Amino acid sequence: MSNAFVRVCGLSELEDDTPKRVEIDGTPVSVVRTEGEVFAIYDICSHANVSLSEGEVDDCHIECWLHGSRFDLRSGKPDALPATRPVPVYPVKIEGDDVLVSLSQES
Ligand code: FES
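None of these values were measured; they are calculated from a predicted model.

**Student:** Provide a residue-level description of the pattern of salt bridges, including the pertinent values.
**Tutor:** Inspection of the entire model under this criterion finds six salt bridges. One salt bridge in this structure joins Arg 74 and Asp 72, with 2.9 Å as the shortest N-O distance. Owing to a relative accessible area of 46%, Arg 74 belongs among the partly exposed residues under this scheme.

**Student:** Quick rundown of unusual backbone geometry? Include the residues and the values.
**Tutor:** Generally, phi is negative for residues other than glycine and the peptide bonds are trans, each holding for most cases. Between Leu 81 and Pro 82 the backbone carries a cis peptide bond, its omega angle lying at 15°. Considering the arrangement of structural elements, one finds Pro 82 in the loop between strand E7 (70–72) and strand E8 (89–90). Although it is not a glycine, Asp 17 adopts a positive phi angle of roughly 60°. Topologically, Asp 17 is positioned in the loop between strand E1 (5–10) and strand E2 (20–24). In this structure Asp 17 comes out as partly exposed when scored by relative accessible area, which is 37%.

Definitions and limits used
Residues numbered from 1 in each chain as written. Predicted model: local features only at pLDDT ≥ 70, side-chain atom pairs only at ≥ 80, totals over all residues. Heavy atoms only, no water. Salt bridge = Lys/Arg side-chain N within 4 Å of Asp/Glu carboxyl O. Buried < 20%, exposed > 50% of the residue type's maximum accessible area, 1.4 Å probe, protein only. Helix = DSSP H or I, 4+ residues; strand = E, 2+ residues; numbered from the N terminus.

The structure is reproduced here in structure tokens:
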């Protein structure tokens, strides 16, 4: 797995609170623009194999649509059951209109 930052999309392609699923080296990542920042979080819920990018974004959290666990986009930690394990979050860099993500884990 590479730790280099790679371009995943253009900043202008991201709508507020609308997750965008991308893949980096085969790893699914949900890129989320919300509250003036861009976050990258592993796109699979830690409870079951569900794509988090299909869920809703609110208050800097992304919600799994299947059972309602909410993951903090800053830490990946769930704040509601049934999920108990965090999902990885990744560092993001913005360069001009480019959104860059590194698969090295931030926390
Ligand atoms: S699959 Fe995500 S909370 Fe159950």
